[in-house]
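Survey of secondary and tertiary structure
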Amino acid sequence: MKRFVAMASTVLVSVALSPACSTPEPAAEDPPIEGALVRGVNFNGAGGIEIDGYRWTSQDDSKANGMMLREVEAIATELTPKPGVDEETEAMLNSAIAKPGKLEIDQILYGAQYELYLWFMETERGTQRTMSVEIEGQTVEDAMGGLAFKQWARYGPYPFEVSDGEINIAITPDDPEQKAQVMGMLIVKPDNSGSL
């Protein structure tokens, strides 16, 4: 299980060892995503945006093409993500879906091997919610979240194989008093063999 968190690096400067100050290191970057685009979804946001080199669609367009959601709440914020991002990624991180308890996302897919990525930004001050992620009933992530206010992260890749024509994803908060929440979802085929 891999987890990539975009966080600013901390640099310690020792004045006793060197008279020159160190140059701060840049924020750590997520490794590039590889594979053929299957579905990039900007939950509760506009389509036609590009994230990590992939063209994403809106939630409505995705629902018209085999994605199913169950009674989710639309969330829109105007926060400045930490660390900073480009304009399209910022727009994606400020649109989300949420649900008390289990948030379920289903997507019709042909039988093949895929990889899933999810994006989350903490939008509530002092919350630091954590969530588990299940694919086809199997837990692939038990600590999505745990971020400071306005901090964001990309999670994955989570490899999975489809044999029944549909992928079932469930995101559940560890604290039942909090809501499960997600901003973006990307599905790729790692062998670059095409889309849906």
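Only a predicted model underlies this, so the values are computations on that prediction, with no experimental measurement involved.

1. Side note on the overall build of the protein chain
A count of helices and strands for the protein chain gives two helices and 15 strands. Out of the 196 residues in the protein chain, the part that is buried amounts to 45%. Restricting the contact set of the protein chain to residue pairs at least 6 apart, pairs at least 24 apart contribute 75%. Per element, the accessible surface of the protein chain, about 10,000 Å² overall, is 48% carbon and sulfur.

2. Comments concerning unusual backbone geometry
At the junction of Lys82 and Pro83, the peptide bond is cis and its omega measures out at -10 degrees in the coordinates. Along the chain, Pro83 falls in the loop between strand 6 (73–76) and helix 2 (87–93). In the segment running from Gly156 into Pro157, the intervening peptide bond is cis, with an omega of 5 degrees. In this fold, Pro157 is placed in strand 12 (residues 152–162). Phi is positive for Asp52, which is not a glycine, with a value near 50 degrees. Along the chain, Asp52 turns up in the loop between strand 3 (49–51) and strand 4 (54–58). The class of Asp52 is partly exposed, set by a relative accessible area of 38%. Phi at Lys150 takes a positive value of approximately 75 degrees, unusual for a residue other than glycine. In this structure, Lys150 sits in the loop between strand 11 (138–145) and strand 12. Residue class for Lys150 comes out partly exposed when judged on its relative accessible area of 21%.

3. Topic: the pairing of strand 10 (residues 130–135)
Each regular strand shows side chains that alternate between the opposite faces of the sheet. Two elements, strand 10 and strand 11, share five bridges in a ladder whose sense is antiparallel. For Met131, the partnering residue across the bridge sits in strand 11 and is Met144. Connecting strand 10 to the next strand, strand 11, in antiparallel fashion are two residues, including Glu136 with a positive phi near 55 degrees. Across five bridges, strand 10 lies against strand 13 (residues 166–173) in antiparallel orientation. The residue bridging Val133 from the neighbouring strand is Ile171, located in strand 13.

4. Observations concerning the side chain of Thr127
Position of Thr127 among the secondary structure elements: in the loop between strand 9 (112–121) and strand 10. In this structure Thr127 comes out as buried when scored by relative accessible area, which is 19%. From its side chain, Thr127 meets the backbone oxygen of Glu124 in a polar contact 3.2 Å long.

5. Remarks on the sheet that holds strand 7 (residues 95–100)
If you trace the three strands from one edge of the open sheet to the other, you get 6-7-14, paired in antiparallel fashion. Either end of the sheet is taken by a strand with one partner, and the two such strands are strand 6 and strand 14 (179–182). Neighbouring strand axes in the sheet, compared pairwise and without regard to direction, differ in orientation by 30 degrees on average. Here strand 7 runs beside strand 14; their pairing, made up of four bridges, is antiparallel.

Reading the values: rules and limits
- Residues numbered from 1 in each chain as written.
- Predicted model: local features only at pLDDT ≥ 70, side-chain atom pairs only at ≥ 80, totals over all residues.
- Heavy atoms only, no water.
- Helix = DSSP H or I, 4+ residues; strand = E, 2+ residues; numbered from the N terminus.
- Buried < 20%, exposed > 50% of the residue type's maximum accessible area, 1.4 Å probe, protein only.
- Contact = heavy atoms within 4.5 Å.
- Areas by Shrake-Rupley, 256 points an atom, 1.4 Å probe, with all protein chains shown as cover.
- Pairing = 2+ DSSP bridges.
- Polar contact = N/O pair within 3.5 Å; in protein donor to acceptor, adjacent residues only side chain to side chain.
- Axes fitted to C-alpha atoms, helices over the stretch in contact; angles between N-to-C directions.

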